[in-house]
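As a plain string of letters, each chain reads:
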Amino acid sequence: MPRWYALKRRLGGVNRMAGSLSHLRVLDLSRVLAGPWAGQILGDFGAEVIKIERPGTGDDTRSWGPPYLQGADGNAELSAYFLTANRNKQSLAIDIAHPEGQELVRKLVAESDVVLENFKVGGLKRYGLDYESLKCINPKLIYCSITGFGQNGPYANRPGYDFLIQAMGGLMSITGQPDGEPGAGPMKVGVALTDIMTGLYATVGVLAALSHRDRTGEGQYVESALLDVQVACLANQAMNFLVTGDSPARMGNAHPNIVPYQDFPTADGNMVLTVGNDQQFARLCDVFGHPEWASDERFSTNRARVANRRELIPKLRQATVMRSTLEWVQILEEARVPCGPVNTLDQVFDDPQVLARGMKQTVRHPDLGEVPTVGNPVKLKLTPVTYRTAPPLLGEQSDKVLLQVAGLSPGEIEALRDRGVIC
């Protein structure tokens with residue numbers, strides 16, 4: 001148990017409303033998306049997260065723009081990409097290539113619970129900041145490494161990026177229009193989904209390791225690799241292959257195991273039908289004025305509909321074009337048939353359900369004013385997620401962290417800044 005947490009308990013206990021993880025301190029040495037995503041989740045749950053960045057440039061995503069959010073005076077700005085995964089963090093700019101910078105990190109490790117990093121395999125060992133080195137300083141440390149391909153295997157030393165892993169991990173082979181149709185070809189997902197999923201798995205691994213530490217006092221090493229995660233998240237498509245030996249093909253928006261479960265044209269656009277059972281299909285047929293489809297042996301069961309989708313889908317398309325999307329959604333919802341519009345992002349963030357669930361939030365930044373952020377989807381009744389601080393400017397909390405956590409004096413901090421160790 002870190003000394004600062006033990007002191008906190010002696011002085012009056014931990015405030016549950018501060019967050020489930022408010023007793024933890026996390027050093028986030030990661031950059032771009034997968035690692036920062038994990039750090040942001042831990043921060044949302046109340047952990048104190050200190051983001052270690054390179055002086056001068058910081059996290060790569062600080063320059064990934066436009067767009068940028070700018071302050072009223074035009075002097076301060078943050079890229080929208082950086083804003084994605086760095087709220088509830090403090091920024092400490094340290095040159096870890098400098099021996100004094102390495103020593104600062106070790107001082108912080110001694111007072112921390114978790115380290116997150118996504119350097120290349122062995123990248124931090126030359127600085128003495130690898131797990132084997134740091135566990136000697138803090139045996140209870142949870143050290144989480146995120147890489148493209150993992151710590152072992154023939155690809156271990158390769159750099160890994162989301163787009164590359166979507167291709168190598170099979171996701172692009174099942175995403176996109178089928179061969180022979182307009183626009184056919186492999187397609188990546190519209191966001192860096194593999195990075196996001198890897199950040200989630202890394203967070204789960206960290207929490208599992210913390211639970212083990214709570215029972216035994218032992219810290220441990222955790223790793224999460226983009227390729228592993230992408231293969232794991234092929235889900236039913238992976239099992240379809242393992243059961244049959246046949247590689248699934250691209251099907252556009254259709255589903256390999258459920259029919260109808262795809263997009264359909266309407267009089268003014270498109271909608272999605274997600275019919276999950278035979279009872280829903282029967283109600284859909286009634287709404288479309290063709291109850292006989294539900295008793296037709298070609299369509300009466302999902303198994304039959306999958307086998308005969310080429311006959312069924314055109315019939316459904318002829319029906320859906322007769323009304324607008326809004327009309328169909330209203331009618332089908334009344335009939336308890338799952339459906340919905342294909343929303344653009346402006347429609348998403350105006351959707352009353354999205355707003356009611358708190359998925360659109362703002363946080364206050366001293367230089368940028370009100371900063372928009374996307375809400376955390378986890379709802380905890382006793383220890384709710386909090387949006388305490390906006391993503392920081394580079395080195396914004398360097399002095400504060402070094403004073404309060406590392407125990408340096410103002411003079412020592414200024415001397416380090418003069419020598420280029422921090423900014």
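As a reminder, the structure under discussion sits directly above these lines.
Scoring rules and cut-offs
- Numbering of residues begins from 1 in every chain and follows the order in which that chain's sequence is written.
- Given that the model is predicted, a residue must reach a pLDDT of at least 70 before its local features are reported, and side-chain atom pairs must reach 80 or more before they are shown or counted; all residues, however, enter totals for whole chains, interfaces and linings.
- As a rule here, side-chain values come from all non-hydrogen atoms in the structure, and water together with hydrogens is ignored.
- Runs of E in the DSSP output that reach at least two residues are strands. Runs of H or I that reach at least four are helices, and both are numbered from the N terminus.
- Contacts are residue-level and defined by heavy atoms, with any inter-residue pair within 4.5 Å sufficient.
- For the accessible areas, the method is Shrake-Rupley and the probe is 1.4 Å, while residue cover comes only from the protein chains on display.
- Charged residues are defined narrowly, with Lys and Arg counted positive, Asp and Glu counted negative, and His plus the chain ends left uncounted.
- Where a charge sits is defined by one atom per residue type, namely NZ (Lys), CZ (Arg), CG (Asp) or CD (Glu).
- A pair of strands is labelled paired if DSSP reports no fewer than 2 bridges between them.
- As a rule, the C-alpha atoms of each element are fitted with a line to give its axis, helices using only the stretch in contact, and angles between N-to-C directions run from 0 to 180 degrees.
- Any residue under 20% of the maximum accessible area for its type is buried, any over 50% is exposed, and the rest in between are partly exposed; the area is computed with a 1.4 Å probe on protein chains only.
- For salt bridges, the criterion is a side-chain nitrogen of Lys or Arg within 4 Å of an Asp or Glu carboxyl oxygen.
- We call a set of buried residues a nonpolar core when its members are Ala, Val, Leu, Ile, Met, Phe, Trp, Tyr or Cys and they connect through side-chain atoms within 4.5 Å of each other.

As a further point, take the overall build of the protein chain. Broken down by element type, the protein chain carries 18 helices and 13 strands. The C-alpha extent of the protein chain, read off along each of the three principal axes, is 85 × 50 × 40 Å. Sequence-distant contacts, at least 24 apart, represent 66% of the contacts inside the protein chain between residues at least 6 apart. For the protein chain, the computed accessible surface area is about 21,200 Å², with 55% contributed by carbon and sulfur atoms. Here the protein chain holds 43 positive side-chain charges and 46 negative ones, and the gap between their average locations is 5 Å.

Turning next to the sheet that holds strand S10 (residues 270-274). Whether parallel or antiparallel, the strands of a sheet pair through hydrogen bonds between backbone atoms. Strands sit in the order S9-S10-S11 across an open sheet of three strands; the sheet is antiparallel. Edge strands, defined here as strands with exactly one partner in the open sheet, are strand S9 (261-265) and strand S11 (339-341). The sheet shows a mean angle of 25° between the axes of neighbouring strands, taken without regard to direction. Pairing of S10 with S11, which is carried by three bridges, proceeds in the antiparallel orientation. Residue pairing across strands places Val-272 opposite Gly-340, the latter belonging to S11. Against the sheet, helix H14 (residues 325-334) touches S10 and S11, its axis set at about 155° to S11.

On to the environment of Gln-40, then. In this fold, Gln-40 is placed in helix H2 (residues 34-44). Accessibility expressed as a relative area gives 4% for Gln-40, which makes it buried. For the pair Gln-40 and Phe-241, spaced 201 residues apart in the sequence, the C-alpha separation amounts to 35 Å.

As summarised here, the arrangement of the six strands in space is S5-S2-S1-S6-S7-S8, forming an open sheet in which the pairing is parallel. Of all strands in the sheet, those bounded by a partner on one side alone are strand S5 (89-93) and strand S8 (220-225). Within the sheet, the average angular offset between the axes of one strand and its neighbour, ignoring direction, is 20°. Taken together, the four bridges between strand S6 (residues 114-117) and strand S7 (residues 142-147) define a ladder with parallel strand orientation. Considered in S7, the bridge of Val-114 is made with Ile-142.

Side chains that differ in sign of charge can pair as their charged atoms come close. Taken as a whole and judged by the stated rule, the model has 16 salt bridges. Asp-59 serves as the salt-bridge partner of Lys-51, at 2.9 Å between the closest nitrogen and oxygen. Residues Lys-51 and Asp-59 agree in their burial class; the two are buried. Arg-419 is paired through a salt bridge with Glu-100; the nearest N and O atoms lie 2.7 Å apart. In this pair, Arg-419 sits in the segment after helix H18 (410-418) while Glu-100 sits in helix H4 (residues 99-110), placing the two residues 319 residues apart along the sequence.

Let us look at the nonpolar core. Among the nonpolar cores identified, the biggest contains 29 residues, and Ile-94, Ile-96 and Leu-108 are the most heavily contacted of them. Taken together, the elements giving at least two residues each to this core come down to strand S2 (48-53), H4, helix H5 (131-134), helix H17 (398-404) and H18. Once you skip the residues sitting within four places of it in the chain, Ile-96 turns out to touch Ile-52, Gln-102, Val-105, Phe-119, Leu-124, Tyr-127 and Leu-129. Judged by nonpolar contacts, the second largest core, of 25 residues, contains Val-26, Leu-116, Cys-144 and Val-206.

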